[in-house]
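# Overview (structure and organization)
Spelled out from the first residue to the last, the chains are:
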Amino acid sequence: MHKNFIDGVWCEGPGVRENLNPSDLSNLVGLYAQADSQQTQQAIQAAAYVQPLWAAYGPQRRAEALDQIGTEILARREELGRLLASEEGKVLPEAVAEVSRAGHIFKFFAGEALRMTGEHLDSVRPGIEVDILRQPVGVVGIITPWNFPIAIPAWKIAPALAYGNSVVFKPADLVPGSAWALAEIISRAGLPAGTFNLVMGRGSVVGQVLAESANVSAITFTGSTSTGRHLMQVAGARLARLQLEMGGKNPLVVLDDADLEHAVECAVQGAYFSTGQRCTASSRIIVEKGIHQRFIEAVASRLSEIRVGHALHEGTHIGPVAEEAQLRQNLEYVDIGQAEGARLAYGGQPLSRTSEGYYMSPALFVDAAPDMRIAQEEIFGPVACVIPADDYEHALEIANGTPFGLSAGICTGSLKHATHFKRHVKSGMVMVNTPTAGVDYHVPFGGTKASSYGPREQGHQAIEFFTTLKTAYTLA
Ligand code: NAD
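Quantities reported herein were computed from a predicted structural model and do not represent experimental measurements. (Residues numbered from 1 in each chain as written. Predicted model: local features only at pLDDT ≥ 70, side-chain atom pairs only at ≥ 80, totals over all residues. Heavy atoms only, no water.)

## As for the side chain of Lys170
By secondary structure assignment, the location of Lys170 is in strand β8 (residues 166-170). Among the polar contacts made by the side chain of Lys170, one reaches the side chain of Asp173 at a distance of 3.2 Å. A distance of 2.9 Å separates a polar atom in the side chain of Lys170 from the backbone oxygen of Gly201. Excluding anything up to four places from it in sequence, Lys170 contacts Ile142, Ile143, Thr144, Val199, Gly201, Arg202, Gly203, Val206, Gly207 and Leu210. (Helix = DSSP H or I, 4+ residues; strand = E, 2+ residues; numbered from the N terminus. Polar contact = N/O pair within 3.5 Å; in protein donor to acceptor, adjacent residues only side chain to side chain. Contact = heavy atoms within 4.5 Å.)

## Quick look at the site of the ligand
Taken together, 28 residues surround the ligand, and among them Thr144, Ser224, Thr227, Met246 and Glu378 come closest. A distance of 3.0 Å is found between an oxygen atom of the ligand and a side-chain nitrogen or oxygen belonging to Lys170. Between His230 and the ligand, the recorded distance is 3.5 Å, taken from a side-chain N or O atom to a nitrogen atom. Elements represented by at least two residues in the shell around the ligand include exactly α7 (203-212), β10 (218-222) and α8 (225-234). A breakdown of the residues in the shell around the ligand according to their chemical character gives 13 nonpolar, 11 polar and four charged. Counting contributing residues, the shell around the ligand receives three or more from each of domain 1 (4-246 + 451-475) and domain 2 (251-432). (Near = heavy atom within 4 Å. Nonpolar A, V, L, I, M, F, W, Y, C, P; charged D, E, K, R; others polar. Domains from an automatic or database assignment.)

## What to know about the pattern of salt bridges
Oppositely charged side chains can form a pair if their charged atoms are brought close together. In this structure the tally under the stated criterion is 15 salt bridges. The residue Arg76 makes a salt bridge to Glu79 at a minimum N-O spacing of 2.9 Å. As a salt-bridge pair, Asp173 and Lys170 come within 3.2 Å of each other at their nearest N and O atoms. Residues participating in the shared-partner salt-bridge network are Glu72, Arg76, Glu79, Glu184 and Arg188. (Salt bridge = Lys/Arg side-chain N within 4 Å of Asp/Glu carboxyl O.)

## Description of the side chain of Ser355
Here Ser355 shows up in the loop between β14 (343-346) and β15 (363-366). Overall, Ser355 belongs to the buried group, its relative accessible area being 13%. Here the side chain of Ser355 touches Ser23 through a polar contact of 2.7 Å, landing on its backbone oxygen. (Buried < 20%, exposed > 50% of the residue type's maximum accessible area, 1.4 Å probe, protein only.)

## A look at the packing of aromatic side chains
This model, assessed by the stated rule, comprises nine aromatic pairs. Seen in terms of ring centroids, Phe108 and Phe109 are 5.0 Å apart; in terms of plane orientation they differ by 85°. Their pairing is edge-to-face. According to the relative accessible area criterion, Phe109 is buried, its value standing at 0%. Judged by centre distance (6.4 Å) and plane angle (80°), the ring pair of Phe108 and Tyr441 falls under edge-to-face. Note that Phe108 is positioned in helix α4 (residues 92-112) and Tyr441 in the loop between β19 (429-432) and β20 (448-449), a separation of 333 residues in sequence. Among the residues examined, Phe108 registers a relative accessible area of 18% and is labelled buried. (Phe/Tyr/Trp six-rings, centres within 6.5 Å; stacked < 30°, edge-to-face > 60°.)

## Quick notes on the nonpolar core
The biggest cluster of nonpolar side chains holds 62 residues, and the ones touching the most others in it are Ile73, Phe106, Phe109, Ile157 and Phe196. Taken together, domain 1 (4-246 + 451-475) and domain 2 (251-432) each give at least three residues to this core, which thus spans both. Apart from residues no more than four positions distant in its own chain, Phe109 is found in contact with Leu66, Ala158, Pro159, Ala162, Tyr163, Gln458, Gly459 and Ala462. With 33 residues, the next largest nonpolar core counts Leu25, Ala363, Met372 and Ala408 among its residues. (Core = buried A, V, L, I, M, F, W, Y, C linked by side-chain atoms within 4.5 Å.)

## Looking at the pairing of strand β7 (residues 139-143)
For β7, the tally of buried residues reaches five of five residues, placing the bulk of the element in the interior. Where burial is concerned, the two faces of β7 agree: the one with Val139, Gly141 and Ile143 and the one with Val140 and Ile142 are both buried. Inspection of the sheet shows β7 paired to β8 by five bridges, in the parallel sense. Bridging from a neighbouring strand, Val140 pairs with Val167 of β8. With respect to chirality, the unit in which β7 leads through helix α5 (residues 151-162) into the neighbouring parallel β8 is right-handed. (Pairing = 2+ DSSP bridges. Right-handed = clockwise from strand over helix to strand, strands pointing away.)

## What to know about the environment of Trp54
Mapped onto the elements of the fold, Trp54 is located in helix α1 (residues 37-56). The spacing of Trp54 and Ile128 is 74 residues in sequence and 31 Å in space, taken between C-alpha atoms. Trp54 has contacts with Arg62, Ala65, Leu161, Gly164, Asn165, Leu191, Pro192 and Thr195, leaving out every residue within four places of it along the chain.

## Things to note about the sheet that holds strand β12 (residues 250-254)
The seven strands lie next to each other as β14-β15-β16-β13-β12-β18-β19, forming an open sheet whose pairing is mixed. Pairing within the sheet leaves two strands with one partner each, and these edge strands are β14 and β19. Strand-to-strand twist in this sheet, taken as the mean axis angle between neighbours without regard to direction, amounts to 25°. Taken together, the five bridges between β12 and strand β13 (residues 282-288) define a ladder with parallel strand orientation. Paired with Val254 across the two strands is Val287, which belongs to β13. Across the sheet, helix α11 (residues 324-340) lies against β14, β15 and β16 (383-389), angled at about 20° from β15, the strand it touches most. Each of β12, β18 (407-411) and β19 is contacted by helix α14 (residues 415-424), which is oriented at about 170° to β18, the strand it contacts most. (Axes fitted to C-alpha atoms, helices over the stretch in contact; angles between N-to-C directions.)

Without other data, these values stay purely geometric and don't point to any function.
As structure tokens, then:
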């Protein structure tokens, strides 16, 4: 049994959750404690009590702790990658890469702990000096989704701790294994008891208490837009600081002058790898008419080479869908797309493999219209649609025509169109001749419109959310 970590103590909870391998449902990854609201309150109280002490540890000790955590994650990347692939279903190389990313993030924020800079100015009034100080926010509630079980927790926990905040971390119900392993590493990094708490349990229980508790000064959340809106209503109503990273419906524009082979790789990589379960996945591929026919034939042909299978088996390109409900939803959208009049050019079928798991073939729709549900709603699986466009301007208009704005891409040989697209597409991240998914760990991450709310995550800019400014006036 894997326990929760509250106030420096490993605690059983009133409930237990089975963590099953979506590649092989006969494989139990482990049993994980489920906390109730009382345990969540205990964690919040412990975090609130100890936070000033952790802040007073100073940047050197905080940097050393984060660096130690990063070093251990990197040293154990193969083992932790296997665990991640077993519970989430992404293929082993992707899982190991995600673990490495988590390790690098801790090391990056170890350095950032030393760069918590303020400003010093002369006052406009004689004899007075002004200091703008950066201070920790207090207790940070961290709520994460299942699709990046270690990287997303890392990019929230590391900056929270680096800048002197304490943490109550609630991972997604589906993937407690990676979260628990990360918590176990953090538990040995010399933080005072209560600085970091792991509280596994239901969103409607643990997440709700975090949202409601007046002792939680800030909540950083990644997940669906509907849960984000709910947090806005509950935590926003009590004026908590909020950072919400939510859904996407990311466009990849392919223009006539694109390198065909490269554009196909960008589309297949961006739309289907990690089983399409990336918030930055390309789910709308907007293709100019001159290259359209050759492009869809080439994508269908490339998809026929993709091997769907057990995430830990060598040679698998795409693992299973993470859970049954998500698989059902993906297949429902395959039906919806056909009923709306789009043509299913490839895949979209449930698959059987030697082990029982949530397998499906990548689905490619063509002749989709921009206002169809499959072109507007986040599906979050290996389902993408091709929307034909008359020219660049038309493609840009379609690209901007959803409520989301996380990532956007363009494949083109034209500097003019690439430059225009970078400036005018409505998204927080834009990719030129690279897939919409796949980002660096040392630069800001986030979107516009319904995809994001609040300051950016990651990079030096993470300081904006995890610290608060105080302006001090001194009569010298
Ligand atoms: P989800 O919204 O169902 O759950 C996310 C987290 O919120 C989980 O930990 C869940 O337990 C918790 N939660 C659920 N109900 C809650 C409540 N009432 N109060 C507080 N917390 C609650 O999302 P998911 O299915 O885990 O993840 C998939 C979604 O995440 C997709 O929409 C995807 O686009 C999004 N996502 C966004 C980004 C980004 O950076 N923009 C990155 C990854 C995933």
